[in-house]
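# Chains, contacts and geometry: an overview
Chain by chain, the residues run as shown.
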Amino acid sequence: MKTARGSSAYPASALPQEPQRHSRPQSPLQLAHFLTGYFISRIGDALYTFCLPLLSYRLTGSVLVMSSLFAVSVLPVILFAPFAGVILDRFNRKRLMLCADLIRMGLIALIPILAHYGLLAIWHLYVISLLLSIVSTGYDIAVVTLIPSLSGKNLTRGNAGVQTAGQLADMLGPAVAGGLASLMSITSILWLDVASFAVILCVLYRLPQEPARSRSAKPAFAAEMSQGFLWLIRSPVQLALSVQAAIGNFGYSAAYATLTYYLITNLHLTTGQMGMTYTLLAAGGVAGSLAVIYLDRHFRRGRLIPVLLLAGTCGFVLAGFNDSWLAPGIGFGLVAACNTSWSVLSASICQEKVPPELLGRVLSFSRVVTRTAMPAGALLGGWMSGALAPGAVFLLAAAAKLIEVLIAVASPIRRL
């Protein structure tokens with residue numbers, strides 16, 4: 001929505017300014033409990049992420065189906081994130097997260113139940129993947145908005161803790177799934193994901209209640225969404241980071257959505273070797289989430305960000321142009337390390353600069369920008385994997401990373 005130059009239809013809080021920080025005291029123990037539960041829940045998520053492409057390939061044998069499943073899982077972020085942001089800023093985030101986890105638990109349980117009765121079909125995976133992504137859209141944003149209340153001024157450390165927990169889970173999950181695949185069916189492994197939701201539900205329930213929200217009259221739903229959008233586009237750094245991530249996600253989606261197919265058809269890896277590949281990928285993420293605490297303390301962010309992105313470019317080149325079966329794991333591990341460090345820095349910058357009452361909405365619109373190109377990237381990667389040379393999709397991802405580097409050095413990011 002456009003307004004006349006020099007005037008605005010929205011209150012001053014919708015414009016970029018220094019936020020007022022939470023005054024409620026934080027407990028390191030609360031953050032530790034949350035990270036423990038989050039870690040266990042993410043192990044379950046990693047099992048699901050590992051099993052889903054294998055299930056789709058066994059049902060259809062098609063790389064396009066595998067990549068389209070990835071694309072479908074991203075679409076709800078684009079369509080529903082703005083609504084999720086307003087809901088998170090309006091209502092009790094703890095209760096919303098509890099409801100979201102209960103729904104996700106039920107959706108995951110449907111897959112082994114349908115398989116047990118011989119009813120599982122590919123369209124079930126599409127529907128479940130779509131619904132899971134809709135529910136997870138608001139949940140993932142809620143996690144980021146929760147960090148300031150749990151970590152206080154140590155935002156980089158708090159965000160790094162979330163990334164470390166997630167990446168450790170992503171590292172262990174595929175290794176566990178690869179080992180379990182020889183002992184039980186792929187669908188049976190998903191019951192462990194169901195059980196992991198019970199843990200995070202208990203952790204969330206024990207967290208203290210949020211302070212009561214103001215009951216003063218609120219603007220219309222659309223006006224609240226517009227406030228988040230306006231804040232994002234009027235903040236040059238936040239907008240540059242979002243556009244940068246959108247381009248990088250396009251390339252990464254093309255490569256990641258077809259990675260399992262590449263490992264099966266081009267490198268002929270066993271299930272255990274594929275598990276090791278994804279474990280190396282996640283290990284890189286862990287390394288990045290731990291290293292960024294030191295890097296952020298000793299280097300300017302404006303110099304650090306382009307260096308990280310350039311290193312990620314090298315990772316994609318290694319993954320696609322080396323015949324060793326370990327090369328994709330090592331290459332994607334390097335990419336994950338750089339991407340995770342970038343994510344921690346980006347989240348900290350956002351939490352430092354965005355007013356707390358607008359954080360959910362600004363994050364939601366940032367997610368829309370950063371995820372918009374992911375379905376196209378995944379589908380293009382699926383086509384390229386079947387029609388072109390095996391390394392072409394990794395070259396596309398490397399080129400996208402180089403564009404990210406250019407944005408970092410040509411935008412206000414360089415002044416951070």
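Residues numbered from 1 in each chain as written. Predicted model: local features only at pLDDT ≥ 70, side-chain atom pairs only at ≥ 80, totals over all residues. Heavy atoms only, no water.

For the protein, per-residue confidence averages 79 on the pLDDT scale, and 87% of positions sit at 70 or higher. Put simply, helix 2 (residues 63–90) is where the protein has its lowest mean pLDDT, 71, and helix 15 (residues 392–410) is where it has its highest, 91. Long-range and interchain partners of residues 1–25, a stretch whose pLDDT sits below 50, account for 45 contacts in this model, where long-range means more than four residues apart. (pLDDT = per-residue confidence, 0-100. Helix = DSSP H or I, 4+ residues; strand = E, 2+ residues; numbered from the N terminus. Contact = heavy atoms within 4.5 Å.)

Before going further, it helps to examine helix 10 (residues 271–298). Over its 28 residues, helix 10 extends 41 Å from the first C-alpha to the last, a length consistent with the 40 Å expected when each residue adds 1.5 Å. Of all the bends in helix 10, the greatest measures close to 35 degrees and is centred on valine 292. (Expected span 1.5 Å × (residues − 1). Bend = angle between axes of the 7 residues up to and from the residue.)

Before going further, it helps to examine the packing of aromatic side chains. By the definition in use, this model includes seven aromatic pairs. Measuring from centroid to centroid gives 5.6 Å for tyrosine 252 and tyrosine 256, while their planes differ by 15 degrees, and the two rings are stacked. Of this pair, tyrosine 252 and tyrosine 256 both sit in helix 8 (residues 236–256), four residues apart, roughly one helical turn. Here tyrosine 252 and tyrosine 256 have matching classes, each one buried. (Phe/Tyr/Trp six-rings, centres within 6.5 Å; stacked < 30°, edge-to-face > 60°. Buried < 20%, exposed > 50% of the residue type's maximum accessible area, 1.4 Å probe, protein only.)

This paragraph deals with the state of the cysteines. Summed over the entire model, instances satisfying the criterion amount to zero disulfides. Not engaged in a disulfide, the cysteine cysteine 338 finds its nearest cysteine sulfur in cysteine 314; these two sulfurs lie 8.6 Å apart. You can call cysteine 338 buried: its relative accessible area is 6%. (Disulfide = S-S within 2.5 Å.)

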